[in-house]
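# Overview (structure and organization)
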Amino acid sequence: MFLQTQGITKEFGKLRAVNNVTLEIKKGDIHAIIGPNGAGKSTYFNLVTGYHRATSGKVLFRDKEITNLPAYSRCNLGITRSFQITSIYPKLTVYESVLMGLLSHRKVTLNFFSSAKKFFKEEVWRILGDVGLADQANTLGDSISHGDKKRLELAITLGTEPELLCLDEPTCGMSPEETDIAMSLIKKFSEERGLTILFTEHDMSVVFSIAKRISVLHQGTLIADGSPQDVRNSEEVQKVYLGHAA
Amino acid sequence: MVQNPTEKEKSLSQRVWWLALLILISLIAPFVISEFYLAILCEALVMSLLALSFNLLFGYMGQLSFGQAAFYGLGGYAVAMLMTKAHLNFWLSLVAGILLPAIIGLIVGYFCVRLRGIYFAILTLAFGQLIFFIVFKWHNFTGGDDGIQGIFPPDFLKSPTAYYYFILIVFLLSSYVLWRIIHSPFGQTIVSMRENSERTEFLGINIARYQLIAFVIAAAFAGLAGAIWVPFYRSVAPSYLTWLKSGEPVMAAILGGPSLFFGPILGMFIMTFFHAWVLGFTVYWPVVMGALILAVIFFLPGGILGFIQEKVNQRKEIRNRE
């Protein structure tokens, strides 16, 4: 078993944002979590990646319970995430930003005396080449375009060589062309590196073009889970999205 | 895209030239300047080391420590008490002057690193004042407000010139070590924490742990600064630990430029020499200093060195475009 949540629940005061969700994410899948605004997608994400702690229920990764592990420990186990509002290093260069992920993942951050720039040159350039940011390696994070920032965040997360990559709205705010590029990148990484990808997305055409499996949340509850075809045909999902069964 | 390598090499060799020139000047300084100004130079070097230790936290990790003088004072007191009361050898006392502040830094830091921003600043201030009051009030043990007098370096370091060279060597070595730390993977990690701590945590970094390590390193170097100062001044007093003293590295970093390694050194040199000079004709030194800091904050927000760096970069860019 790769990643599993068992009856996971998150309450904020009286609001139950995620309600008793039991779900399994299979290794190598591209798994989308969808649902209308306020469905609990981001909260579910935060429970998996350690941004929030669950009120009840369990999160298991490779059969190990990680429900109460802090975010950095989960990352060290192989779970890395991106954020809905792009989270990069504004005053570090693109190169340095990607290097940081590698330094952390390969456990050299307690080296106090070697030059950081000497580490992992090949790996950084390879990742930069893969995401198409090599020509901006020496540009500061806040000086690149919005779409490039999203790609930079993806590149930073790849530096940690994750097994499970969680992407919170990876195409949010992107133009259609940028969206296409980003999604083909994600697909490529999943295929080439055997990465498991869990993502939330509001753009249904993106979801149905790439996801192998889709889970639908509505008001914090899981209402459908299956192949894109199953989900498309689910009456309950149609009711939620269209207000009536098609 | 990539900075032209010849350009890069040129700027590096320029930097090495500047550094060599500054070291040369500091080597011949005792033969050129009066004994009064030599003492001021010693103070500037020691305080610069304090400012560098502070800036590891402020400029690089992005946390304002307002209690750095407590570690400086503890380093000084460790040396003073061990040498006068336990008659311990000078060199061993210096080692204690690094270890004691580092250990206290570990304890204080344990609580402080859980907080960020203004709360971190306030808590370091509170701990700093707490340590000051213990030293100030514990008369039987520390000498209270009388301080401790009669701390002498070994004979071969007794002349001001000899001790100056000793301070210079310690300063240069410590600066080199701090420089290496800042440019190491550890340094890159604390800079990343400053830039975006959430992102860094989600790359697998235990933020509190790295903040604590940096805090202890900073405390050790602050302690070393105090430890080498006290035998030069032959005495130590509780005023070394106060929050007023802690304010000096803060001002030096802002004055010189916290984002550059040499910024706090420049700031501290300006402050120390300016102080000595202004006291020649007015006792209202804080007013003069306040005006200077205000001017820098308003007109040179990156500090003096930051401003110079910016201008140099602009000129380089123009030249590159041409």
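Residues numbered from 1 in each chain as written. Chains lettered and ligands numbered in written order. Predicted model: local features only at pLDDT ≥ 70, side-chain atom pairs only at ≥ 80, totals over all residues.

Okay, the overall build of chain B next. For chain B, the helix and strand inventory stands at 14 helices and two strands. Computed over the C-alpha atoms, the radius of gyration of chain B is 20 Å, within 12% of the 20 Å expected from 2.2 N^0.38 for a compact globule of 322 residues. Seen through its C-alpha atoms, chain B measures out along the principal axes to roughly 70 × 50 × 35 Å. Considering chain B as a whole, with its 322 residues, one finds that 46% of them fall into the buried category. The long-range fraction of contacts in chain B, counting pairs at least 24 apart against all pairs at least 6 apart in sequence, stands at 77%. (Helix = DSSP H or I, 4+ residues; strand = E, 2+ residues; numbered from the N terminus. Rg over C-alpha atoms; globule rule 2.2 N^0.38 Å. Buried ≥ 20, exposed ≤ 12 C-beta atoms within 10 Å, placed from the backbone. Contact = placed C-beta atoms within 7 Å.)

So, about the sheet that holds strand β5 (residues 64-65) of chain A. Pairing between the strands of a sheet is mediated by backbone hydrogen bonds and can be parallel or antiparallel. Residue and element names in this part refer to chain A. If you walk across this open sheet you meet the four strands as β2-β1-β4-β5, and the pairing is antiparallel. Only two strands of the sheet have a single neighbouring strand rather than two, namely β2 (15-25) and β5. Note: strand β1 (residues 3-12) against strand β4 (residues 56-61), five bridges, orientation antiparallel. Considered in β4, the bridge of Q6 is made with K58. (Pairing = 2+ DSSP bridges.)

Turning our attention to the packing of helix α11 (residues 243-256) of chain B against helix α12 (residues 263-278) of chain B. Residue and element names in this part refer to chain B. In the contact formed by α11 and α12, the axes pass within 7 Å of each other and the chain directions differ by 110 degrees. When the interaxial angle is binned, α11 and α12 end up roughly perpendicular. In this structure, α11 meets α12 at a crossing whose hand is right-handed. Here E248, P249, M251, A252, A253, L255 and G256 of α11 lie close against α12, whose contacting residues are G263, P264, I265, L266, G267, M268, I270 and M271. (Axes fitted to C-alpha atoms, helices over the stretch in contact; angles between N-to-C directions. Parallel < 35°, antiparallel > 145°, perpendicular 65-115°, else oblique. Left-handed = near helix turned anticlockwise from the far one by under 90°.)

The parts lose accessible area when they come together, and the size of an interface is often stated as this lost area. All names here are of chain A. Here chain A is described as being made up of domain 1 (1-78 + 163-246) and domain 2 (88-161). Averaged C-alpha coordinates put domain 1 and domain 2 at centres separated by 26 Å. Taken together, the contact pairs nine residues of domain 1 with eight residues of domain 2. A total of three residues in the side of domain 1 that touches domain 2 trace back to one element, the largest contributor, which is helix α6 (residues 176-193). Grouping the amino acids of the side of domain 1 that touches domain 2 by side-chain chemistry returns six nonpolar, two polar and one charged. (Domains from an automatic or database assignment. Nonpolar A, V, L, I, M, F, W, Y, C, P; charged D, E, K, R; others polar.)

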